[in-house]
Amino acid sequence: AAPPMGSVRLGGCAQSCANLLHRNGSHVLVSEIMATVEVSEAEKVYILHGVRDDLRVDGRGCEDYRHMEIETDVVSNTDGSARVKLGHTDILVGVKAEIGKPKPMVPDEGFLEFFVDCSANATPQFEGRGGEDLGTEISNTLYKVFNNRHSLDLRTLCISPKEHCWVLYVDVLLLQCDGNLFDAISIAIKAALFNTRIPKVHISEDDEGTKEIELSDDPYDCMRLKVDNVPCIVTLCKIGHRHVVDATLQEKACCMASVLMAVTSSGNITCVRKTGAGSLDPESIFEMTETGKRVGKALHPPLLELLQQEESLGKTRPKVGFLG
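Residues numbered from 1 in each chain as written. Predicted model: local features only at pLDDT ≥ 70, side-chain atom pairs only at ≥ 80, totals over all residues. Heavy atoms only, no water.

Considering the confidence of the model for the chain
Thinking step 1. Per-residue confidence for the chain gives a mean pLDDT of 83, with 84% of residues at or over 70.
Thinking step 2. When the criterion is pLDDT under 50, residues 1–33 qualifies, and its contacts beyond four places in sequence or with other chains add up to 99 contacts. (pLDDT = per-residue confidence, 0-100. Contact = heavy atoms within 4.5 Å.)

Points about the pattern of salt bridges
Thinking step 1. Evaluation of the coordinates by the stated rule reveals 13 salt bridges.
Thinking step 2. Overlapping salt bridges bring together Arg56, Asp58, Arg60, Arg66, Asp178, Asp246 and Glu251 as one network. (Salt bridge = Lys/Arg side-chain N within 4 Å of Asp/Glu carboxyl O.)

Notes on a negative patch on the surface
Thinking step 1. A contiguous patch of negative charge, built from Glu205, Asp206, Glu208, Glu212 and Glu214, is present on the exposed surface.
Thinking step 2. Take Glu205: it is sitting in strand S9 (residues 201–205).
Thinking step 3. By relative accessible area, Glu205 is classed as exposed at 53%. (Patch = residues over 30% accessible without salt bridge, like charges linked within 9 Å, V, L, I, M, F, W, Y side chains within 5 Å. Areas by Shrake-Rupley, 256 points an atom, 1.4 Å probe, with all protein chains shown as cover. Lys, Arg positive; Asp, Glu negative; His and termini not counted. Charge placed at Lys NZ, Arg CZ, Asp CG, Glu CD. Helix = DSSP H or I, 4+ residues; strand = E, 2+ residues; numbered from the N terminus. Buried < 20%, exposed > 50% of the residue type's maximum accessible area, 1.4 Å probe, protein only.)

A word on the packing of aromatic side chains
Thinking step 1. Under the criterion given, the structure shown has 1 aromatic pair.
Thinking step 2. On the numbers, 6.0 Å between centres and 40° between planes, the contact of Phe114 with Phe146 is tilted. Of the two residues, Phe114 is situated in strand S5 (residues 111–118) and Phe146 in helix H3 (residues 129–146); the sequence distance between them amounts to 32 residues.
Thinking step 3. Looking at Lys103, its charged tip hangs above the ring of Phe111, at a distance of 4.6 Å from the centre. (Phe/Tyr/Trp six-rings, centres within 6.5 Å; stacked < 30°, edge-to-face > 60°. Lys NZ or Arg CZ within 6 Å of the ring centre and 35° of its normal.)

Looking at the layout of surface pockets
Thinking step 1. Quantified by volume, the largest pocket comes out at close to 760 Å³.
Thinking step 2. The set of elements that each furnish at least two residues to the lining of the largest pocket consists of strand S3 (80–86), strand S8 (197–199) and helix H6 (282–312).
Thinking step 3. Here the lining of the largest pocket is built from residues that sort into 5 nonpolar, 8 polar and 10 charged. (1 Å grid on protein atoms, 1.4 Å probe; cavity = no way out; pocket = protein on both sides within 12 Å on 5 of 7 lines; lining within 4 Å. Points joined across faces, edges and corners; volume = space filled by probe spheres on them. Nonpolar A, V, L, I, M, F, W, Y, C, P; charged D, E, K, R; others polar.)

Quick notes on empty space enclosed by the protein
Thinking step 1. By volume, the second largest cavity is sized at about 40 Å³.
Thinking step 2. Together, Thr141, Val145, Ile233, Leu260, Met261, Ala262, Cys271 and Arg273 line the second largest cavity.
Thinking step 3. Residue assignment for the lining of the second largest cavity shows that the elements contributing at least two residues are H3, strand S14 (257–263) and strand S15 (269–275).
Thinking step 4. For the lining of the second largest cavity, the element with the most residues is S14, which contributes 3 residues.
Thinking step 5. Along the lines of polarity and charge, the residues of the lining of the second largest cavity split into 6 nonpolar, 1 polar and 1 charged.

See below:
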């Protein structure tokens, strides 16, 4: 059967930057101990042998993503929104644009702020403090990946240097967790930024030199963000002597170390981070960065094509999911 509109099957395909890797030693990040499942020794052996033979439990190869569904413009009271389902991982992102003051170090740029809410409905392990700690960790990683001029042209968010700029508040809600949170969240953020429409600003001065800011009421008189360079995060998990992308929770339980890398559409790696208590030898690091670059570069064209195709349908596009 043909997948519903807003769906895409993304296969594997991906090159190097081993010197960018920052080791965390034995420090285990919060995401490594949250949303875990128990796997027996027999199941671990079965998963390890499948990965060794490039045939995972669900039939995918080591560089294949699960089935993905993407839908934009799903939350009415935001300037941009998107929902992504990757397997059973379900992410909702909303973007709100508000006028703020530029940061002193970059007076001619706007900036992004991230807030991640780990719903206890996603997994009981997100209840209370656990969900808060994981949300903070994800927010900090997203800030490093997206809040820089290599991802977005932040100068386009400047209204008046040193005085006013657009601040994009990106709210991420984890509805369901089935592994590979960072990849799904980054794809949802890119889709939401693509969908974001910021009102045009008109600045006028009175006789005393006081500036007044007026926002356009016309919904079509707006600014769109150029998201071609916005990276997607690719997470590679080392299982046995090989590594896989888009690991499920069961596969994650067999993994001792992972590498997260943000990859642009041109194949440039803008951010790298190691997670997990296990170590990685230099050869593994090189192979994982090569794979991450190849997979990340191949991820962007079908994603942008899907977003443009969905937008071209306008209000006639079918709604999917519970928000339809």
